[in-house]
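These are the residues of each chain, in order.
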Amino acid sequence: MFRDIVEPTVKVGTQQWYTVPVSILVHTVAVLALIIVPLMAADVLPTPPSMMAFAAAPPPPPPPPPPPPPPQAAAPKPVVEVNPAAAPTEAPREIAGNPGGVIGGVVGGIPEAPPPPPPPAAPVRVGGNIKPPMKTKDQRPVYPPIAQSARVQGVVIIEATIGPNGKVQDARVLRSIPLLDSSALDAVKQWEFTPTLLNGVPVPVIMTVTVQFTLS
């Protein structure tokens, strides 16, 4: 076979000129077959899957989409300052007037006078705005016989507590004449006075009274 290649029998210029290239091609194929077939039988040549490894690597997967932006916090609502002295923008459904006003009158009319304070629990002393009550019932004291015999006379001063009804509730001696004190206290406890008013309410008062003893 190699002899034919080295010394071709076909001569150039003859009618069989194409036999030389065909012969060369046939011999090349035969040589390649002799080389490749044993290699494939011995698993030397890479198999088709292994051959794919020599091919270009597939493109990487596309990157994951970016995460969605975080939700924006709701914008704070503007705080509207309300001026209490400002005029209302809408007419009120109901108009509440102050006590003492008249229906259909001006809102905020003159209110009623505040209720009077409760009367004091303890008696108040006469003086200043507390006027002394007037005596409506008098009782003259009895002159003790022993005092008459001893010619004792003078003035006994007594502090009397007058109740809201004008009657004497209690009495005590401030200036004493021993022979006349008892008679003076008995007389004062029977006296009566006009009620003393404080803010229009009768109240108990304390006042000083005198009882005079005179020999005729």
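Computed from a prediction, not measured in an experiment: that's the story for all the values here.

What counts and how
Residues numbered from 1 in each chain as written. Predicted model: local features only at pLDDT ≥ 70, side-chain atom pairs only at ≥ 80, totals over all residues. Heavy atoms only, no water. Pairing = 2+ DSSP bridges. Helix = DSSP H or I, 4+ residues; strand = E, 2+ residues; numbered from the N terminus. Contact = heavy atoms within 4.5 Å. Axes fitted to C-alpha atoms, helices over the stretch in contact; angles between N-to-C directions. Core = buried A, V, L, I, M, F, W, Y, C linked by side-chain atoms within 4.5 Å. Buried < 20%, exposed > 50% of the residue type's maximum accessible area, 1.4 Å probe, protein only. Phe/Tyr/Trp six-rings, centres within 6.5 Å; stacked < 30°, edge-to-face > 60°. Lys NZ or Arg CZ within 6 Å of the ring centre and 35° of its normal.

Read across the sheet, 4 strands follow the order β1-β8-β3-β4 without closing on themselves; strand pairing throughout is mixed. Where the open sheet ends on each side, the last strands, each with one partner, are β1 (124-125) and β4 (168-175). Pairing analysis gives 9 bridges linking strand β3 (residues 154-162) to strand β8 (residues 205-213), with the strands arranged antiparallel. The partner of I158 across the bridge, within β8, is V209. Sitting on the sheet, helix α5 (residues 181-188) is in contact with β3, β4 and β8, with an inclination near 150° to β4.

Moving on, we get to the nonpolar core. If you look at the biggest cluster of nonpolar residues, it comprises 25 residues, and the most contacted ones within it are I158, L180 and V188. Contributing elements (two or more residues each) for this core: β3, β4, α5 and β8. With 5 residues, β8 is the largest single contributor of residues to this core. For L180, the contacting residues outside a window of four places in its chain are Y143, P144, A147, V152, Q153, G154, V156 and F213.

Glancing now at the environment of L179. Mapping L179 onto the fold places it in the loop between β4 and α5. By relative accessible area, L179 is classed as partly exposed at 36%. As a C-alpha pair, L179 and A147 span 32 residues in sequence and 5.8 Å in three-dimensional space. Once residues lying within four places of it in the same chain are set aside, the contact partners of L179 are P144, I146, A147, A150 and V152.

Moving on to the packing of aromatic side chains. Per the stated rule, a full pass over the model turns up 2 aromatic pairs. Where W191 meets F193, the ring centres are 6.5 Å apart and the plane angle is 70°; that geometry is what we call edge-to-face. Assigned by exposure class, W191 and F193 land together as buried. The ring centre of W191 lies 3.4 Å from the NZ or CZ of K135, which sits over that ring.

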